[in-house]
Amino acid sequence: MPLTLGNRLGPYEVVAAAGAGGMGEVYRATDTTLKRSVALKVLPTLVAGDPERLGRFQREAEVLAALNHPNIAAIYGLEASTDVKALVMEFVEGPTLADRIAAGAVPLDEALPIAAQIADALDAAHERGIIHRDLKPANIKVRPDGTVKVLDFGLAKSANSALQHSAPGTQHGSMAATMTSPAMTAMGMILGTAPYMAPEQARGRSVDRRADIWAFGCVLYEMLTARRAFAGDEITDVIAAIITREPDFTALPASTPAHVRALLVRCLVKDPKQRLRDIGEARLQLLTGPQSAVSGPSARQWWPWAVAATAVLALVTGLAIVRPWTAAPVTPALRVTMQTGFTGALDNGLQNLLAISLDGRMLAFTVTTSRDNQAAQAGRTPFDVTTSVYIRHLDQAAAAPLAGTDGAEGPFFSPTGEWLGYFARGKLFKVPVNGGAAVPLADAAMGRGAVWGDDDVITFAPGAAPGVGLMRISANGGTLMPLGAMADTHVTQRWPQILPGNQAVLYTGATTVDNFEDACLVVQTLDGAAPRVVQCGGSHWTYVNSGHVLYAHAGSIFAAPFDLATLAITGTGVPVVDGVRSSPVSGAAQFVVSRDGRLAYLARGTGGGREFPIDIVDRQGKATRLEGAPRTWSSLAFSPSGSRLAIDVTAPTARNIWLYDVSRDASQQATFGDVPQTRPIWMDDRVLTFASAAAGPPNLFIQAADGGAEQRLTQGPFTKYPGSWSPDGQRLAFTEIRDGQGDVMILHMEGTAASGFTPGKIVPFLTSDARESHPAFSPDGQWLAFASSESNVLQVYVTSATDPSRKWQVSIDGGNQPMWSPTSSELIFRTEESSSRILYVTYDASGGTFTPSRPVLWTPARFSMRSGVGDVALHPDGRRMAGSLATADVAAAPTDPLMTLITNIFTELNSRVPAR
């Protein structure tokens, strides 16, 4: 049913007809609720009953809903009545590109920025696995401010569909519709406009993103020449030209640079195997000079994205002055997705993996590489791995390792870019970027963020355990100074940033140390005032010079306006970048922003992503993969019989305990809370103990492993995490976070196994100004092992389970998570490195004293640190260990991971989330 002036469809009132075509009738309407103009796209009455057209209509809605990009027209929803179904879309002012070309060829300095934005939109779609399949000038609009919007994704398809795998020459059913259908041929139309079809598309063969690259070449050619690359009087003539003829490149203006001519040749190669393979490269070549001319299919191998980034910056400052339909130059935000320039993995993501210098000229990466490259290439597990920092200068083609940074995590630049700070081996270091000796500055057991201020003071988070707050130290060394008290109920301060003027520190605060999805933005002024919680609902809060704070939530970067004068958020946050790699366990998010608006980020899944397979490894290092075990986990524990693993699993909507059956290689969910249920241990083979935030801060609960109601063991305002049950089940050792520190407490149970246990009295056991955690009863119940930070570095100690007045240090160079072997006189623990080593001591416990040996390696394997708690689990046989091999990322990593650089993100932020 056609709509007329004044018609209403839901809250939308039709203002005027805006256009019509084979894909639908478009009307301009007013959203009476939000007072904005929208476009209503309605199927014509003639074809509204065609199931194929309705399917394409629905597919367009789904595709647009999956895309969030400034150069793609956004969808607001679907609206339906009895006889009308409409897409509600962003209304884009301005002519189509076809209208502009009808007025004559587009000058080069206008055409290239338009083409770059088209390529940017296609790149965003291709990254999401979406192919447009009907790109043409009529489906592209240019707003009065010069912003390009790509429209009409009605023919889009997933790049991963079965269609891709059709044999050459076959005509898949859905592909046949791309050529014709009975409804369309009756109207003289072709699905997929003929002059812009790639040869494989015209033949009805399978297509991939290279079909869009062909169409892009046709559009660029048409802009520069005001004529189609392939023309004909009839559709069959056009298709014949596409398949058999070459474009007339002599029609290009004489002033067309060689690199643009070369790009057109690469886009319009008939054999898709020889065609340009990535639209991101097309965008970059548009924006570079003649030295970048492409000569063959191997261009991707030599194209340095750093040079490309420099070229994009040149565009931003010089070339991209968009003349048509605008009174002022426009500087768009442009995305560059390219290889990083090194071979290796990007670690496990609990720390910052990259840093950017304030001037945006350098990037630093934390890279995990294997020294046993032959083993990695042969598919064997290489155990000798190292983590170090690689530096990428944007005017150079490759990243290079920075000497002296073995074991490094969490890199950050000095304001001048002359120094790089990082965490390694329990300390905070700095090292000259141009080479030189690393200088230790302070103890830092497990860093969680640092920033180097303009006043040459470094603010850093020295640890990940509860109660560890931010510290400050001169970049030249000296006395450590705590930033200040934590906000009420908060147990951690992480990911600090100095606000402009050095008057305040912005950081991420949270009520727990293992779930940051809804952590808080906290501001601490440096005049000694109390910290102020500004807003909760994300992590890795970062102020940028456009007047916004960015933060991570659910795998996206959000932006909200932030007022420096009042230190307050002044508007609603909106998502600006999707699919960013982040860790809800630690709060780390892999994005960085320079002062002039360059944003670099790692996409979700890059370099290992958030999934970590679980392996069982023996003392010789032989590993067996648990294929049926969950891979988004944080901690795990074997049942006393060794038949099952309890696993703390992070799912999209909640965090719960799952059980993995070792003999069946199968998993099932054990708890079903909508708040975090974390850090499982076993009371016996039938009963689980865990921390739950079901009624405020995490407290202790028990539940039958095979189902049943939870029973609360503790309550109160302080966070508690389970540690270990005594062998008789009468005592539970746990960690309580109080006043920013961790203490070991003992819960005494009342009753018997026959009558049932009930929780009784809680007795403080280990309390001090240090942080005590990870209590573990010995197999005979006589001793208690634990970790303590009393020497500023976490070490493992042992004390009597009944008299904590005497203790013996077990580890030497740091240690955590002690585990007693049930079958031998061995105490096992892990180191605090991101690729943890497993060490053990033998001991003599006769005569009321505990005498440990010197620690030695328990296995040559290294394990990835997941949450800092329960990263590994000792099997009850004392001969095997479960965890995620640190080398799994290295073996599976791409040879050269990808990352994305967005130039001038400030333009996009201010257009979507205006700041004061």
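Since the model is a prediction, treat every value here as computed from it, not as a measurement.

How each quantity is defined
- Residues numbered from 1 in each chain as written.
- Predicted model: local features only at pLDDT ≥ 70, side-chain atom pairs only at ≥ 80, totals over all residues.
- Heavy atoms only, no water.
- Helix = DSSP H or I, 4+ residues; strand = E, 2+ residues; numbered from the N terminus.
- Buried < 20%, exposed > 50% of the residue type's maximum accessible area, 1.4 Å probe, protein only.
- Contact = heavy atoms within 4.5 Å.
- Areas by Shrake-Rupley, 256 points an atom, 1.4 Å probe, with all protein chains shown as cover.
- pLDDT = per-residue confidence, 0-100.
- Phe/Tyr/Trp six-rings, centres within 6.5 Å; stacked < 30°, edge-to-face > 60°.
- Lys NZ or Arg CZ within 6 Å of the ring centre and 35° of its normal.
- Salt bridge = Lys/Arg side-chain N within 4 Å of Asp/Glu carboxyl O.
- Pairing = 2+ DSSP bridges.

1. Side note on the overall build of the protein chain
Tallying secondary structure elements over the protein chain gives 15 helices and 60 strands in all. Burial statistics for the protein chain: of 916 residues in total, 59% are counted as buried. Considering only residue pairs separated by 6 or more positions, the protein chain has 52% of its internal contacts joining residues 24 or more positions apart. Of the roughly 34,000 Å² of accessible surface on the protein chain, 52% is carried by carbon and sulfur atoms.

2. A few points about the confidence of the model for the protein chain
Caution applies to low-pLDDT regions: their predicted coordinates should not be interpreted in detail. With 81% of its residues at a pLDDT of 70 or more, the protein chain has an overall mean of 81. Predicted confidence is poor over residues 289-330, with pLDDT under 50, and the contacts of this stretch with residues over four places away or in other chains come to 93 contacts.

3. Let's talk about the packing of aromatic side chains
The geometry of an aromatic ring pair is captured by the separation of the ring centres together with the interplanar angle, meaning the angle of the planes. Throughout the structure, instances matching the rule amount to 15 aromatic pairs. For the ring pair Y221 and F249, a centre distance of 6.3 Å and an interplane angle of 80° mean the geometry is edge-to-face. Of this pair, Y221 sits in helix α7 (residues 209-225) while F249 is found in the loop between α8 (235-244) and α9 (258-267), placing the two residues 28 residues apart along the sequence. Taken together, a centroid distance of 4.2 Å and an interplanar angle of 25° make the contact between W541 and Y551 stacked. Residue W541 is found in strand β28 (residues 539-544), and its partner Y551 is found in strand β29 (residues 548-553); the two are separated by ten residues along the sequence. Note on accessibility: W541 and Y551 belong to one class, buried. Its end group placed over the ring of F91, K141 keeps NZ or CZ at 5.7 Å from the ring centre. In this structure, K430 is placed above the aromatic ring of W419, and the distance from its NZ or CZ to the ring centre is 4.4 Å.

4. Let's talk about the pattern of salt bridges
Taken as a whole and assessed by the stated rule, the structure comprises 28 salt bridges. For R100, the salt bridge goes to E110, with nearest N and O atoms at 3.3 Å. Here the residue R100 occupies a position in helix α2 (residues 97-102), and E110 occupies one in helix α3 (residues 108-127), the gap between them amounting to ten residues. R100 gets classed as buried once you look at its relative accessible area, which sits at 15%.

5. Thoughts on the pairing of strand β22 (residues 471-474)
Two strands pair when backbone bridges link them, and strand β21 (residues 457-460) and β22 are joined in this way by four bridges, in the antiparallel orientation. Paired with F460 across the strands is M471, a residue of β22. As judged from the two bridges shared by β22 and strand β23 (residues 481-482), these two strands associate in the antiparallel manner. If you follow M471 over to β23, its bridge partner there is P482. Where β22 folds back onto β23 in an antiparallel hairpin, the turn is made up of six residues, including G477, whose phi is positive at roughly 90°.

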